[in-house]
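Notes for the structure review
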Amino acid sequence: MYSGVVRSTTSRKVLTLVIIRKGSDILLGMKKRGFGAGKWNGFGGKVEPGETILEAAKRELQEECHLRSDSLREVGLIEFEFKGDPVLEETHVLTSDVFEGEPKETEEMRPQWFSIDNIPYHQMWLGDKYWLPLLIQGEQFKGYFLFEGEEKILNYELKTS
Ligand SMILES: CNc1ncnc2c1ncn2[C@@H]1O[C@H](COP(=O)(O)OP(=O)(O)OP(=O)(O)O)[C@@H](O)[C@H]1O
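Definitions and limits used
- Residues numbered from 1 in each chain as written.
- Predicted model: local features only at pLDDT ≥ 70, side-chain atom pairs only at ≥ 80, totals over all residues.
- Helix = DSSP H or I, 4+ residues; strand = E, 2+ residues; numbered from the N terminus.
- Buried ≥ 20, exposed ≤ 12 C-beta atoms within 10 Å, placed from the backbone.
- Contact = placed C-beta atoms within 7 Å.
- pLDDT = per-residue confidence, 0-100.
- Core = buried A, V, L, I, M, F, W, Y, C linked by C-beta atoms within 7 Å.

To continue, consider the overall build of the protein. Per the secondary structure count, the protein includes 2 helices and 8 strands. Going residue by residue from the N terminus, the α and β elements of the protein occur as β-β-β-α-β-β-β-α-β-β. Along the first, second and third principal axes, the C-alpha atoms of the protein reach 45 × 35 × 30 Å. Expressed as a percentage of its 161 residues, the buried residues of the protein come to 30%. At a minimum sequence separation of 6, the contacts of the protein that also span at least 24 residues come to 64%.

With that out of the way, let us pick up the confidence of the model for the protein. Here the protein averages 95 in pLDDT, while 94% of its residues score no lower than 70. On the interface metric, ipTM, the complex scores 0.93, and its pTM is 0.94.

Another aspect to go through is the nonpolar core. Core analysis: the biggest nonpolar cluster contains 29 residues, and V18, I19, I20, A57, L61 and V93 have the highest contact counts within it. Elements supplying a minimum of two residues to this core: β1 (11-22), β2 (25-31), α1 (53-65), β4 (73-82), β5 (87-96), α2 (128-136) and β7 (141-147). Of all the elements, β1 adds the most residues to this core, at 5 residues.

Dropping the structure here:
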């Protein structure tokens, strides 16, 4: 828990977010439906009861774009909060450059490789431009973002470890 942040959180949702790398490219998916639709993002979703973070991340990667990876590493932990919403999203960020398969479009996501010099931050969650460069630089990080709606960040903290 970060100091100085007044919280009225009553519950946590545990989520995964997977960024696959290949040389100087990263794989993003256009979210086609549900939460964050219309944005490029990593692959992920809610951790199901009885699953580990790693199992959930592998499952979501396979479900959303048909890639398999046994080498996912957790590199970041971000808490997302939406003003007025008592649910805190505890998001575990994992990455790997070792995977099997070819990315394939699913009902949920349309995958596409992007050069790390050409990441579509203007069509991504607003926080991504702060933490994704850290992941790309190979750093580990922890963060907190307070959103007001989906298009405004009121406050954030980010630190590398
Ligand atoms: C607020 N700022 C944010 N910035 C960057 N990424 C964000 C995010 N907020 C949520 N995310 C990610 O978006 C995915 C949603 O997943 P989401 O579709 O809700 O999960 P899941 O597929 O389990 O849902 P269903 O059960 O199918 O509804 C999940 O990876 C989650 O980490």
